[in-house]
Each structure stands twice: as structure tokens, then as C-alpha cells.
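Residue-level listing of the chains:
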Amino acid sequence: QVQLVESGGGLVQAGGSLRLSCAASGIAFSFSAVGWYRQAPGKQREVVAVISRYGTIGYADSVKGRFTISRGSARNTAYLQMNSLKPEDTAVYYCNARFSSNDDTYWGQGTQVTVSS
């Protein structure tokens, strides 16, 4: 059974930091591209950061210089370090794994991040 489980969300004041974790099971996570997405109330889900299986990284303009995506030393984990958080970062954050070989895509259940002003 494939599972992606996010954790680390919570309530933080503006300017604060959070570190989100994504733990995968049932898939060869290290062979997938891993993405962090977010969805704010009333808005579409948007990509925040992506890391390819080869380590190529990309960020949304809105988070460049503040967020850092990484893979853990354990092959089944990934992280999103979020610094200098702003109220507009408030959203449910989702972990995503996608395999380019067959386009199989998996999602976690999401973790809520709330940034107060």
C-alpha cells in the first residue's frame, strides 16, 4: 500500500519557521520527483517546490529564498524548510511523488500551516 504522510505543520507567527516532513512507504521514493504543493482556502492547489530524482530543484517565485526542499538521508523522506513565513503562506501543504517512467503520481493527505500576522 502506497502512503505519503506529511507532518510538521502548525500555527506560527509571521517571520517564524516550520519544517515539513514527508514520509513515503510502498514506493521507490528515491526514484520519483518529489513536490510540495499548497492549497489555500478558495484557491487552486499550487506548486511550491520540486526536487527531481537527480536533485534538480525548482521553487515558486513566491517562496524563493525562504523555502528549501531536500531529501532525507533515509531514502523514503523529504523535507520542506520554511523560513520567514508570511500570512499568505497559510495553506494546506501536500507532498507529491511522481514517476516520470509511467507518470504514476501519489499524494499525501496534507498538513495545515497557519501563519498569523
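Heads up: the structure comes first, above all this text.
Conventions adopted
- Residues numbered from 1 in each chain as written.
- Predicted model: local features only at pLDDT ≥ 70, side-chain atom pairs only at ≥ 80, totals over all residues.
- Heavy atoms only, no water.
- Pairing = 2+ DSSP bridges.
- Helix = DSSP H or I, 4+ residues; strand = E, 2+ residues; numbered from the N terminus.
- Axes fitted to C-alpha atoms, helices over the stretch in contact; angles between N-to-C directions.
- Disulfide = S-S within 2.5 Å.
- Buried < 20%, exposed > 50% of the residue type's maximum accessible area, 1.4 Å probe, protein only.
- Contact = heavy atoms within 4.5 Å.
- Core = buried A, V, L, I, M, F, W, Y, C linked by side-chain atoms within 4.5 Å.

Draft legend 1. View of the sheet that holds strand β3 (residues 18-25). Spatially, the four strands line up as an open sheet ordered β1-β3-β8-β7, and their pairing is antiparallel. On the outer flanks of this sheet lie β1 (3-7) and β7 (67-71), each paired with one strand and no other. Averaged over all pairs of adjacent strands, the angle between strand axes in this sheet comes to 15°, irrespective of strand direction. Of the strand pairs in this sheet, β1 and β3 are connected by five bridges, and their pairing is antiparallel.

Draft legend 2. How the structure looks around the state of the cysteines. One pass over the structure, following the stated rule, counts one disulfide. The disulfide partner of C22 is C95, and the gap between their sulfur atoms is 2.1 Å. Looking along the S-S bond of the C22-C95 disulfide, the torsion reads about -80°, which is the left-handed sense. Of this pair, C22 sits in strand β3 while C95 sits in strand β9 (residues 91-98), and the two are 73 residues apart along the sequence. For the pair C22 and C95, one class covers both residues: buried.

Draft legend 3. Representation of the side chain of T77. Residue position: T77 is located in strand β8 (residues 77-82). Residue classification places T77 among the buried positions, given a relative accessible area of 14%. Apart from the residues within four sequence positions on either side, T77 is in contact with C22, F29, R71 and G72.

Draft legend 4. Local environment of the nonpolar core. Within the largest apolar cluster, 29 residues are counted, with the highest numbers of intra-cluster contacts made by F29, L80, M82 and Y93. Counting only elements with at least two residues in this core, the list comes to β3, β4 (33-39), β5 (46-51), β7, β8, β9 and β11 (111-116). The residues contacting L80, other than those within four sequence positions of it, are L18, R19, L20, W36, V48, A49, F67, T68, I69 and Y93.

Distances and angles like these do not, on their own, reveal function.
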